[in-house]
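Observations on the model geometry
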Amino acid sequence: MKKHDLVYLTEDASHDAAVEIINEEAFGPGRFARAAARIREQGPHDRSLSFICTDDGETIASVRMTPVIAGSVKGHLLGPLAVRPSHKNKGIGRELVRIAVEAARRKGSDAVILVGDPPYYQPLGFEKVRYGALEFPGPVDPARVLVVPLAADVHARLDGVIAWRDDSAVPAVDIVEQPQAEGAAA
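Attention here is on the structure that accompanies the text.

The rules behind the values
Residues numbered from 1 in each chain as written. Predicted model: local features only at pLDDT ≥ 70, side-chain atom pairs only at ≥ 80, totals over all residues. Heavy atoms only, no water. Core = buried A, V, L, I, M, F, W, Y, C linked by side-chain atoms within 4.5 Å. Buried < 20%, exposed > 50% of the residue type's maximum accessible area, 1.4 Å probe, protein only. Helix = DSSP H or I, 4+ residues; strand = E, 2+ residues; numbered from the N terminus. Contact = heavy atoms within 4.5 Å.

Our focus in this paragraph is the nonpolar core. Ranked by internal contacts, the top residues of the largest apolar core, which has 25 residues, are Leu78, Val101, Val112, Tyr121 and Phe126. Going through the elements one at a time, β2 (51-55), β3 (58-70), β4 (73-83), α3 (92-107), β5 (111-115) and β8 (145-149) are the ones with two or more residues in this core. With eight residues, α3 is the largest single contributor of residues to this core. Setting aside its immediate chain neighbours within four residues, Leu78 contacts Arg40, Val63, Arg64, Met65, Val97, Ala100, Val101, Val112, Ile113, Leu114, Tyr121 and Phe126. Judged by nonpolar contacts, the second largest core, of 18 residues, contains Ile39, Ala111, Val147 and Leu158.

In structure tokens, the structure reads:
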């Protein structure tokens, strides 16, 4: 039996081609029609919260996190999560989820949200979102909308539209006028 040399790394641009192949294998061309994919089309994922797993240097799994606003919750949408068929059922996907959720917690995210299978994700800390609480940009089975709350009152605040959130926007800074010295020209 082959011994695996698994290494978990933060995703960077050099992983894009391998991640695309892994997602194609796992989800096929229909992945672009899903409501979660529609959110991801609105803006880039957060590479600092997205991770890959390598085995002997080959990228064999990935998870991505996209910044979202969901009602009044500033969180992250987890997914896609995909593992190459040769490496399934080894706990790699679960470890990627654990790493991504913990990274989101450290970054101050209110919640990690996903559309996925409750039997897989609930043992990883995900809870069902109130039926119909979030409005996705396409059809979603409400029973598959899950969340890991990382802040207070998340379930109550998950109410309304879920959409991509621009984390790169710099908040406006108030300009404070400095007093001028006596006799200085204005």
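Turning our attention to the environment of Ile92. Here Ile92 is to be found in helix α3. Overall, the relative accessible area of 2% leaves Ile92 in the buried class. Setting aside chain neighbours within four positions, we find Ile92 in contact with Leu6, Tyr8, Cys53, Ile60, Ala61, Val83 and His87.

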